[in-house]
Amino acid sequence: MPESNFAERSGRGEGQVSGARVIAQALKTQDVEYMFGVVGIPVTEIAVAAQELGIKYIGMRNEQAACYAASAIGYLTGRPLIVIGGSPERSQETMGAFQEFPQVEACRLYSKFSARPSSIETIPSVIEKAVRSSTYGRPGACYVDIPADFVTLQVNVDSIKYKECCIPPPISMAETSAVCMAASVIRNAKQPLLIIGKGAAYAHAEESIRRLVEQCKLPFLPTPMGKGVVPDNHPNCVAAARSRALQSADVIVLFGARLNWILHFGLPPRYQPDVKFIQVDICAEELGNNVRPAVTLLGDINAVAKQLLEQFDKSPWQYPPESKWWKTLREKMKSNEAASQELASKTSLPMNYYTVFYHVQEQLPKDCFVISEGANTMDIGRTVLQNYLPRHRLDAGTFGTMGVGLGFAIAAALVAKDRNPRQRVICVEGDSAFGFSGMEVETICRYNLPIILLVVNNNGIYQGFDTDSWKEMLKFQDPTTVAPPMCLLPNAHYEKIMTAFGGKGYFVQTPEELQKSLRQTLADTTTPSLINIMIEPQGTRKAQDFHWLTRSNM
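> Would you mind going over the packing of aromatic side chains with me for this structure?
Centre-to-centre distance and the angle between the planes together describe a pair of aromatic rings. A complete count under the given rule lists five aromatic pairs for this structure. Pairing Phe 434 with Tyr 494 gives two aromatic rings, centres 5.5 Å apart and planes at 70 degrees, and the pair type is edge-to-face. Residue Phe 434 is found in helix H17 (residues 431–436), and its partner Tyr 494 is found in the loop between helix H20 (479–482) and helix H21 (495–500); the two are separated by 60 residues along the sequence. Summarising the burial analysis for this pair, Phe 434 and Tyr 494 share the class buried. Geometry around Tyr 75 places Lys 198 over its ring, the cationic atom sitting 5.2 Å from the centre. Lying over the aromatic face of Tyr 388, Lys 366 brings its terminal NZ or CZ to 4.8 Å of the ring centre.

See below:
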């Protein structure tokens, strides 16, 4: 908006502008499209001002869910995650003001940039730096603190100078000598493996990495949020033989994947003691974390993948498709898929996880967003529910934090609404995980976001009890002393939360009921829905060679 037009609408007095308006205009100038929050004194006016400038404001029911939604928007759009918080008036500092707390200092531990503007005039430059810091290098959250008196304070409109939208992050490339070395290590591998991480998805590296996989005939394994960079149904995907692939590979290329707990820190017994890691990452501090890599490639994931492709274009090479390594992986994949299929084909009731997910997978549109959280719900869902497009899978990720699901789903639905209105958002929740942010169902209905919520309900955290066992256990005893800590109320009707706010709810107990409800919800592109799916309370996943959280040898 031209500054002259903005000035006409800015303040109560001629030529005056409020702090709230300055904040909103600074965000708009930095190309911020969405804002999530729970308003209250002193930040309500900021949300109102943002809406007047065309920023889409989504009022959430919980600040935690609002932050999850904002972080998902950042991942899906590449735009920043900026947290704006209100603090007491400057004149009340150190006096014990309402909710007084050293917010800027506290947030420095958890954000890339944390600051409080010294005046209204400095707000645009602080906002610009926050946006730049958030998107440059490894993306992350930034915090901007706003004193309460700044929000309504009026200043001369001519004193405000808005900073132009920061330029896109510079694209860095790895050293040519390191790229040549990496290509040589890959060529000499007996049992190579690519691991495709969330960083590759964020970097939009799907085209170059897929070409590398296909040109060099390499097996690959996606991390949870790396799913879809190369489609899960690609013949070179070895996700069904994850443990065997990690444990036996002699050369592993990490594309934007960290050697943290999800990848068992890169240590034995999950890996060979002498495995050679090639790390590709935009963050220098991540290189060499937990293990000493054979080669480090510091740079933008997409740019580095293209550099590697150039090496293999100059001197073409393919890993033999009929090698002993490929034979081992295919045999393990076939064995594991057969075990999962056996569990999925069981006809006994209540259903098990695999039966549920195989029926869901049959009907999911290939271009849908899949959001998931829970324990077994999320872990098993990763292996059964397929992703065919990048940045279409969101889950609890590295922190494993529960409560992310509905916020992520809201963000995905907004992106879909603006870019592809018929695209579906499927949010798969464990019953415990759903409880962390269940009131966001009201948010979903208020904004009429046609999200399909699937609550996989086993009456507990990890495991629960059926109704009869529950009643028998509590017959003559106080539940606080005998009810296992992981148990939830059996057969809770979560679908009624959705119908209470105007959406559609389904309570299903059989495969036929599940199939029917899925057909109905997928056919309705205008109404939010929740399918409450009852499963075996003591059901679990098939035996694992290595659980996610079991120890490595340090």
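> It is not clear to me how the environment of Ala 239 should be interpreted in this structure. Could you clarify?
Position of Ala 239 among the secondary structure elements: in the loop between strand S9 (220–222) and helix H11 (242–248). Residues Ala 239 and Met 333, 94 residues apart in the sequence, show an inter-C-alpha distance of 7.9 Å. Ignoring anything within four residues of it in the chain, the contact list for Ala 239 reads Phe 220, Leu 221 and Pro 222.

> Even after reading the chapter, I still don't get helix H10 (residues 206–216), so can you show me in this structure?
Turn by turn, an α-helix covers 3.6 residues, leaving residues three or four places apart pointing in a common direction. Inspection of H10 places Glu 206, Ser 208, Ile 209, Leu 212, Val 213 and Cys 216 among the buried residues, and these make up the whole buried set. The inward-facing, buried residues of H10 contact strand S8 (192–196), helix H9 (198–202), S9, strand S10 (251–255) and helix H12 (301–314). Once H10 finishes, Lys 217 follows within two positions and takes phi at roughly 55 degrees, a positive value.

> Would you mind showing me how to read unusual backbone geometry here?
If a residue is not glycine, its phi is most likely negative; likewise, a peptide bond is most likely trans. Across the junction of Pro 268 and Pro 269, the peptide omega takes the value 5 degrees, indicating a cis bond. Note that Pro 269 resides in the loop between S10 and strand S11 (276–281). With an omega of 0 degrees, the peptide bond between Leu 349 and Pro 350 qualifies as cis. Relative to the helices and strands, Pro 350 is located in the loop between helix H13 (324–344) and helix H14 (353–363). Backbone geometry at Gln 99 places phi at a positive 55 degrees, although glycine is not the residue there. Accessibility expressed as a relative area gives 58% for Gln 99, which makes it exposed. Positive phi, close to 75 degrees, is recorded for Tyr 462, a residue that is not glycine. Mapped onto the fold, Tyr 462 is located in the loop between strand S16 (451–457) and helix H19 (467–473). You can call Tyr 462 exposed: its relative accessible area is 55%.

> Looking at this model, I keep getting lost on the sheet that holds strand S13 (residues 369–373). Mind explaining?
Backbone-to-backbone hydrogen bonds join strands into a sheet, with any given pair of strands oriented parallel or antiparallel. Reading across from one edge, S14-S13-S15-S16-S18-S17 is the order of the six strands in this open sheet, with parallel pairing throughout. What marks the edges here is a single partner per strand, and that holds for strand S14 (393–395) and strand S17 (504–508). Across the sheet, the mean angle from the axis of one strand to that of its neighbour is 15 degrees, orientation sign disregarded. Bridge count between S13 and strand S15 (residues 425–430): five bridges; the pairing is parallel. Bridging from a neighbouring strand, Phe 369 pairs with Val 425 of S15. Of the strands in this sheet, S13, S14, S15 and S16 touch helix H15 (residues 376–384), which is tilted by about 160 degrees from S14.

> Even after reading the chapter, I still don't get empty space enclosed by the protein, so can you show me in this structure?
Empty pockets left among the atoms are what a rolling probe the size of a water molecule brings to light. Within this structure, the stated rule accounts for one cavity of 30 Å³ or more. Size it by volume and the largest cavity reaches roughly 30 Å³. Around the largest cavity, the lining residues are Lys 504, Tyr 506, Gln 520, Thr 521, Asp 524, Thr 527 and Ser 529. For the lining of the largest cavity, the elements supplying multiple residues, two or more each, are S17 and helix H22 (511–523). When grouped by side-chain class, the residues that make up the lining of the largest cavity number one nonpolar, four polar and two charged.

> Explanation requested: helix H8 (residues 176–187) in the structure shown.
Helix length check: H8 (twelve residues) gives 17 Å between terminal C-alpha atoms against 16 Å at 1.5 Å per residue, within 8%. By the burial criterion, the buried members of H8 are Ala 178, Val 179, Ala 182, Ala 183, Val 185 and Ile 186. Within H8, the buried residues cover an arc of 160 degrees as seen down the axis, which keeps them to one side. The inward-facing, buried residues of H8 abut S10, S11, strand S12 (295–298) and H12.

> How do you make sense of the pairing of strand S2 (residues 34–37) when you look at a structure like this?
Sheet faces and side chains relate simply in a regular strand, where the side chains alternate between the two faces. Here S2 shows two buried faces, one formed by Tyr 34 and Phe 36 and the other by Met 35 and Gly 37. Of the pairings in the sheet, the one linking S2 to strand S3 (residues 56–59) comprises four bridges and is parallel in character. Directly across from Phe 36, in S3, lies its bridge partner Ile 58. Crossover handedness for the path S2 to helix H3 (residues 44–52) to S3: right-handed.

> I tried to follow the packing of helix H2 (residues 19–29) against helix H6 (residues 123–135) on my own but got confused; where do I start?
For any two helices packed against each other, one specifies the crossing angle of their axes together with the interaxial distance. Contact geometry for H2 and H6: axes closest at 9 Å, N-to-C directions at 35 degrees. The interaxial crossing formed by H2 with H6 has right-handed handedness. Contact with H2, carried on its side by Gly 19, Val 22, Ile 23, Ala 26 and Leu 27, involves Ile 123, Pro 124 and Ile 127 of H6 and no other residues of that element.

Reading guide: rules and limits
- Residues numbered from 1 in each chain as written.
- Predicted model: local features only at pLDDT ≥ 70, side-chain atom pairs only at ≥ 80, totals over all residues.
- Heavy atoms only, no water.
- Phe/Tyr/Trp six-rings, centres within 6.5 Å; stacked < 30°, edge-to-face > 60°.
- Helix = DSSP H or I, 4+ residues; strand = E, 2+ residues; numbered from the N terminus.
- Buried < 20%, exposed > 50% of the residue type's maximum accessible area, 1.4 Å probe, protein only.
- Lys NZ or Arg CZ within 6 Å of the ring centre and 35° of its normal.
- Contact = heavy atoms within 4.5 Å.
- Pairing = 2+ DSSP bridges.
- Axes fitted to C-alpha atoms, helices over the stretch in contact; angles between N-to-C directions.
- 1 Å grid on protein atoms, 1.4 Å probe; cavity = no way out; pocket = protein on both sides within 12 Å on 5 of 7 lines; lining within 4 Å.
- Points joined across faces, edges and corners; volume = space filled by probe spheres on them.
- Nonpolar A, V, L, I, M, F, W, Y, C, P; charged D, E, K, R; others polar.
- Expected span 1.5 Å × (residues − 1).
- Arc of directions from axis to C-beta.
- Right-handed = clockwise from strand over helix to strand, strands pointing away.
- Left-handed = near helix turned anticlockwise from the far one by under 90°.

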